[in-house]
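Residues per chain, in single letters:
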Amino acid sequence: MTDAILEVEGLRKNFGEATAVRDVSFSLPPAGALAIVGESGSGKTTVARMIVGLERPTAGRVTACGRDRSQPARSARERRDRGGQVQIVFQDPYSSLDPRQSPAAAVEEVLRLHTRLDRGRRRARVAELADLVGLDERQMAALPSRLSGGQRQRVAIARALAAEPRILILDESVAALDVSIQAQVLNVLADVRERTGVAYLFISHDLAVVRQVTDDVVVMRHGAIVERGPTDRVLDAPEHPYTQLLRASVPRPGWQVPKTR
Amino acid sequence: MNDLLRISGLTVRLPLDGEMRTVLSDVSLSIAAGEAVGLVGESGSGKSMTARSIVRLLPPGALVEGTIRYRGNDVPSLRGQRLRDLRSSVSMVFQDPRAHINPVRTVGDFLTEALRVNQRVARREAEGRAVRVLDEVGVADGPRRLRQYPHELSGGLLQRVMIAAALLTEPHLLLADEPTTALDVTTQAEVMAILDELRRERGLAMLFITHDLELAAAVCDRTAVMYAGRVMEIRASALLHDHALHPYTAALAAARPSLERRAERLVTTPGRPLSAFEAPDGCPFSTRCPHVRQRCHDERPDLRPLDGGQVACVRAEELAVSHD
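Residues numbered from 1 in each chain as written. Chains lettered and ligands numbered in written order. Predicted model: local features only at pLDDT ≥ 70, side-chain atom pairs only at ≥ 80, totals over all residues. Heavy atoms only, no water.

Residue and element names in this part refer to chain B. By the burial criterion, the buried members of helix 3 (residues 107-118) are Val107, Gly108, Asp109, Leu111, Thr112 and Leu115. Taken around the axis of helix 3, the buried residues stretch over an arc of 165 degrees, which confines them to a single face. Close packing links the buried residues of helix 3 with helix 4 (123-136), helix 5 (142-147) and helix 6 (155-168). One or two residues past the end of helix 3 sits Arg120, with phi positive at roughly 55 degrees. (Buried < 20%, exposed > 50% of the residue type's maximum accessible area, 1.4 Å probe, protein only. Helix = DSSP H or I, 4+ residues; strand = E, 2+ residues; numbered from the N terminus. Arc of directions from axis to C-beta. Contact = heavy atoms within 4.5 Å.)

On the side of chain B, 42 residues touch chain A, which itself brings 38 residues to the contact. Of the roughly 3500 Å² buried between chain A and chain B on both sides combined, carbon and sulfur atoms contribute 53%. The partner of A:Asp191 in a salt bridge is B:Arg265, and the shortest N-O contact between them spans 2.9 Å. Counting every contact that joins chain A to chain B gives 19 residue pairs in polar contact (both at pLDDT 80 or more). Listing elements by their share of the side of chain A that touches chain B, those giving two or more residues are helix 7 (179-196), helix 8 (207-213), helix 9 (231-236) and helix 10 (241-248) of chain A. Here the element with the most residues in the side of chain A that touches chain B is helix 7 of chain A; it accounts for nine residues. The class makeup of the residues in the side of chain A that touches chain B is 15 nonpolar, 11 polar and 12 charged. (Buried area = accessible area lost by both parts, 1.4 Å probe. Salt bridge = Lys/Arg side-chain N within 4 Å of Asp/Glu carboxyl O. Polar contact = N/O pair within 3.5 Å; in protein donor to acceptor, adjacent residues only side chain to side chain. Nonpolar A, V, L, I, M, F, W, Y, C, P; charged D, E, K, R; others polar.)

Here we take up the sheet that holds strand 9 (residues 216-221) of chain A. Residues and elements named next belong to chain A. Pairing within the open sheet is mixed, and its six strands lie in the order 6-7-8-3-9-10. Where the open sheet ends on each side, the last strands, each with one partner, are strand 6 (86-89) and strand 10 (224-230). Shown here is a sheet whose adjacent strand axes are inclined to one another by a mean of 15 degrees, direction ignored. Running over the sheet, helix 2 (residues 76-85) touches strand 6 and strand 7 (167-171) and is turned about 65 degrees from strand 6. On the sheet, helix 6 (residues 149-162) packs against strand 6 and strand 7 and is oriented at approximately 175 degrees with respect to strand 6. (Pairing = 2+ DSSP bridges. Axes fitted to C-alpha atoms, helices over the stretch in contact; angles between N-to-C directions.)

Next up on the list: the sheet that holds strand 12 (residues 309-311) of chain B. Residues and elements named next belong to chain B. With mixed pairing, eight strands are arranged side by side in an open sheet as 6-7-8-3-9-10-12-11. With partners counted over all chains shown, the strands left at the sheet margins are strand 6 (90-93) and strand 11 (304-306), one partner each. Strand-to-strand twist of the sheet, defined as the mean angle between neighbouring strand axes without regard to direction, takes the value 25 degrees. In this structure, strand 10 (residues 230-236) lies alongside strand 12, joined through two bridges in antiparallel fashion. In the sheet register, Ile234 faces strand 12, and the bridge partner there is Gln310. Along the sheet, helix 10 (residues 247-255) contacts strand 3 (36-40), strand 9 (222-227) and strand 10; its crossing angle with strand 9, the most-contacted strand, is approximately 95 degrees.

This next bit is on the packing of aromatic side chains. All names here are of chain B. Applying the stated criterion across every chain yields a total of three aromatic pairs over all chains. With a centroid separation of 4.6 Å and 50 degrees between ring planes, the pair formed by Tyr227 and Tyr248 is classed as tilted. Separated by 21 residues along the polypeptide, Tyr227 in strand 9 and Tyr248 in helix 10 bring together distant segments of the chain. Overall, Tyr227 belongs to the buried group, its relative accessible area being 1%. (Phe/Tyr/Trp six-rings, centres within 6.5 Å; stacked < 30°, edge-to-face > 60°.)

A separate point is the environment of B:Gly282. Residue and element names in this part refer to chain B. Turning to its location among the elements, Gly282 is positioned in the loop between helix 10 and helix 11 (294-298). Separated by 93 residues in sequence, Gly282 and Ala189 place their C-alpha atoms 40 Å apart. Setting aside its immediate chain neighbours within four residues, Gly282 contacts Cys296, His297, Glu299, Arg300 and Pro301.

Right, let's talk about the pairing of strand 6 of chain A for a bit. Put simply, side chains in a regular strand alternate between the two faces of the sheet. Residue and element names in this part refer to chain A. Burial of strand 6 is two-sided: the residues Val86 and Ile88 facing one way and the residues Gln87 and Val89 facing the other way are all buried. Both strand 6 and strand 7 contribute to a ladder of four bridges, which runs parallel. Its bridge partner lying in strand 7, Val89 is registered against Leu170.

On to the pairing of strand 9 of chain B, then. Residue and element names in this part refer to chain B. Burial runs high along strand 9: five of the six residues are buried. As paired elements, strand 3 and strand 9 share four bridges and run parallel to each other. Looking across to strand 9, one finds that Val37 is bridged to Arg222. As paired elements, strand 9 and strand 10 share six bridges and run antiparallel to each other. Across the sheet, Thr223 pairs through a bridge with Arg235, a residue of strand 10. Connecting the antiparallel pair strand 9 and strand 10 is a turn made up of two residues, with Ala228 showing a positive phi of about 50 degrees.

Residue and element names in this part refer to chain A. Take Ser204: it is sitting in strand 8 (residues 199-204). At 2.9 Å, the side chain of Ser204 forms a polar contact with the backbone nitrogen of Asp206. Setting aside anything within four residues of it in sequence, one finds Ser204 in contact with Ile36, Val37, Gly38, Lys44, Glu172 and Val210.

Spelled out as structure tokens, the structure:
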């Protein structure tokens, strides 16, 4: 696929003797939504960290928006350009926001860095982004300590979108949220993709959430991809025994705990 | 009355930010011998505080009203040996095993401490019992495990050690506070299977705290749903998902995405879960409920029997009828 907005080929990461990621390849189309599913130790977060440049791949290539990003950025400008292509939202909204900065100021700072908007337009854009993720003016002016986990996560999404990335990586971004708040954020994510055309790389252990948000899925285990395909196909008729086990382990209406002996 | 545990009108206030704040309000719940009861709710609903009240592990300065009776004894007035006896008979398993196990002591020290200190069992005998219980929870090679330190064990293995520790004092009631929330889903299934089997074999009663309605349904006979420090509904677990009596339970079930099919849009409830001290007068869910009426603001609904369960909603009958 040459029209992919994100292309990962033969990605590998060794930590000393251990191989965390081996031969991982996938591509994400513009405005697409691809899930990476796996449990702890599967390597899914290491893949995300290599894509944003927080880890350097041992081997393989990452191409985003047609540009190779397997090597560290050589200049501040290159680093900023990369930030404008790919943004990431982490799991814990309590540690990813500056406790002394209001959401409005955090979003404004990103606009100043990544866009050429003047002051008045930046202010208007902050309001637009707040509206997109469902935060009101009062919440945007409050300190993070006054906001709930779900509100903070929406701030993190708004801040990531301020850089107008083509690709948004969501690394377990809804995992820590209460059920009723998680539903609100999942709807926000669907709206944002429809309205902005941003593509999602959605890293999650939660198959029901993956079903709701993504078009395609890769399943990782012990650092390698064991199954891939359209999300509906993989969840309706999983082929790999590990995917089958994952699916069978999810509690759902009528589910019973498996027998041990 | 063959209730093992009976909680009536439990209200708990805690000092928070220099003020006494209500965290539990008029909670009533009973558990029969051998019965598994689920306690489901979101953050701040009071489910952990309810469990902590039962074993008297509330933070300092807590004010407790109402009654908690365990095997006929008044829990809040227990002292000394009788309090230690309660804590042998009621065991607790927590969400994060690493936060509740001393990292510089061996697994063996951790497992045998309660037996050796409280029940004066000799070390060799205590270790033999620990190895047998480890085997029961699916941890092979017990003697070697006893010499290991917590950091040498995976999360799933360590949670089995916690369950083994909880079982070693031969309890009659297990309080399991999100015991699998920190685990991978395949490990969760294994740990739940072990917990469920051991509980049945031993005739052990359980209060199972979780945010996952379906997980509660799989292992519990009845489930209580809490919101803002109050019990909203208690019902046979199998009926909760499709035949909820309370609008909050229905909202919880609808908000969770389905493994089977993608929803066009998830049905959401505006706002966020409230704590007891933030809840409005009248029904605590009234500020978010799609079925709210004026009387929901005026009167606080009591938990009352309906359709084989209990519900705290003045409109429960008419809403149940409209579901069909």
